[in-house]
Amino acid sequence: MTDSLGLTRRMRRNRKAEWSRRLVRENRLTSDDLIWPIFLIDSAEAVSPVAWMPGVDRLNIDEAVRQAEAAARLGVPAIAPFPYVDRALRDETGSEALNSRNLMCRAVRAIKAAVPEIGIICDAALDPYTSHGHDGVMDGERILNDASVGILVRQALALAEAGADVIAPSDMMDGRVGAIRAALDASGHEDVQIMAYSAKYASAFYGPFRDAIGTNATLIGDKRTYQMDPANSDEAIAEVALDLEEGADMVMVKPGLPYLDVIARVKDTFSVPTFAYQVSGEYAMIMAAANNGWLDGDKAMLESLLAFKRAGADGVLTYFAPRVAKMLKERG
Ligand code: PBG
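What counts and how
- Residues numbered from 1 in each chain as written.
- Predicted model: local features only at pLDDT ≥ 70, side-chain atom pairs only at ≥ 80, totals over all residues.
- Heavy atoms only, no water.
- UniProt positions renumbered as here; feature names shortened; annotations may be inferred.
- Axes fitted to C-alpha atoms, helices over the stretch in contact; angles between N-to-C directions.
- Helix = DSSP H or I, 4+ residues; strand = E, 2+ residues; numbered from the N terminus.
- Parallel < 35°, antiparallel > 145°, perpendicular 65-115°, else oblique.
- Left-handed = near helix turned anticlockwise from the far one by under 90°.
- Contact = heavy atoms within 4.5 Å.
- Disulfide = S-S within 2.5 Å.
- Buried < 20%, exposed > 50% of the residue type's maximum accessible area, 1.4 Å probe, protein only.
- Near = heavy atom within 4 Å.
- Polar contact = N/O pair within 3.5 Å; in protein donor to acceptor, adjacent residues only side chain to side chain.
- Areas by Shrake-Rupley, 256 points an atom, 1.4 Å probe, with all protein chains shown as cover.
- Nonpolar A, V, L, I, M, F, W, Y, C, P; charged D, E, K, R; others polar.
- Pairing = 2+ DSSP bridges.
- Right-handed = clockwise from strand over helix to strand, strands pointing away.

The name that an unreviewed UniProt entry assigns to the protein is Delta-aminolevulinic acid dehydratase, with the source organism given as Bosea eneae. Regarding the protein, the UniProt comment filed under Catalytic activity (unreviewed entry) reads as follows: "2 5-aminolevulinate = porphobilinogen + 2 H2O + H(+)". Turning to the protein, the UniProt annotation filed under Sequence similarities (unreviewed entry) states: "Belongs to the ALAD family."

Structure representation (structure tokens):
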């Protein structure tokens, strides 16, 4: 057979064998890249399944401690707990968020005591605690920015007191990063990091998360007056710039896969630690298709996570964290 095309460069040559593909591989996913979001519940039962997220459970505090230990053993650097708050404890202003004995604070203390080596990243936002399901406080149908920031600062302080390593404001109020940074510094928590949900979009992909924390039934309206318009990416750059000026140590883009262009722009523009959140809806899509036999779940999981690395993310919040860490460990 003659080489009829006379090609000098044949891209397939480097792909001819596994050893060669390994040698030229540009990006790698390791357990160091993973942050595991978990759901907490105050319950005698160890676990309660999240219907819209097959394979994900809400955990009581004892079980959360056990699973945090297991995750640490698998090499997962950090967890990000979210609470399912009893309906009776939710009110207009999210006052339970400020209770130093609330579910989150108790869980953080328990996990810190038992598994000091795992990082704990705690959300600052009021949605699990408000009767209306919004991340801030309302006046009629308006979400009040500055009043919300005042409460978020106090929530962040309660979490830092409990032992949170990182505060992750996910509320998208203006000025909250700076206000939280100032309050942390003024109270002896200058080592507590801030991972800002900087470019958080008003997305349809959060549905299963709202099932997990019980806000889908209560949310009044939508979050478009504070979360970003999916059409915009210049605006994401402006959000990240502000959060960095205000003292963010790490920034995040959320959701993940539909916003890989934003992740790449943020990383290229700022060269700071940049994270992606592979959100509940992205998890649910892969799981639903896999459970129907329509795609190979493990392969789709690995490919989606590698895509974040290729886009420039330093790490990914993913509900697949323990599963993928186990797989990576077994492969060696
Ligand atoms: C709320 C918050 C949300 C998520 C993380 N923090 C949902 C929302 O904004 O309504 C979504 C995470 C996911 O979908 O996995 N502060």
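Overview of the packing of helix H3 (residues 103-114) against helix H4 (residues 145-162)
Packing of H3 against H4 brings their axes to within 8 Å, and their N-to-C directions diverge by 25°. Between H3 and H4, the angle is such that the two are roughly parallel. As H3 packs across H4, the resulting crossing turns out to be right-handed. Across the interface between the two elements, Met-104, Cys-105, Val-108 and Arg-109 from H3 touch Ala-158, Leu-159 and Ala-162 from H4.

Here we look at the state of the cysteines
The tally for this structure, following the rule as stated, stands at zero disulfides. In this structure Cys-105 is a free cysteine whose sulfur lies 7.8 Å from that of Cys-122, the closest cysteine sulfur available. Owing to a relative accessible area of 0%, Cys-122 belongs among the buried residues under this scheme.

Comments concerning the site of the ligand
In the vicinity of the ligand lie 18 residues, with Ser-170, Lys-223, Lys-254, Ser-280 and Tyr-319 positioned nearest. Within the side chain of Asp-127, an N or O atom sits 3.1 Å from a nitrogen atom of the ligand. A distance of 2.8 Å is found between an oxygen atom of the ligand and a side-chain nitrogen or oxygen belonging to Lys-200. Contact with the protein chains hides 100% of the accessible area of the ligand, taken as 410 Å² for the molecule alone. Split into classes, the residues belonging to the shell around the ligand amount to eight nonpolar, three polar and seven charged.

Describing unusual backbone geometry
Across the junction of Lys-254 and Pro-255, the peptide omega takes the value -5°, indicating a cis bond. One can find Pro-255 in the loop between strand S10 (250-254) and helix H8 (260-270). Unlike most non-glycine residues, Ser-271 shows phi in positive territory, near 50°. If you trace the backbone, Ser-271 turns up in the loop between H8 and strand S11 (274-278). Taking relative accessible area as the criterion, Ser-271 reaches 58% and is therefore assigned exposed.

What about the pairing of strand S8 (residues 166-169)?
Side-chain alternation along S8 places Val-166 and Ala-168 on one buried face and Ile-167 and Pro-169 on a second face that is also buried. Relative to S8, strand S5 (residues 119-124) runs parallel, the two being bridged by four bridges. Looking across to S8, one finds that Ala-124 is bridged to Pro-169. Direction of pairing for S8 relative to strand S9 (residues 193-200): parallel, over a ladder of two bridges. Across the sheet, the residue bridging to Ile-167 is Ile-194, located in S9. For the crossover that starts at S8, traverses helix H5 (residues 176-186) and ends in the parallel S9, the hand is right-handed.

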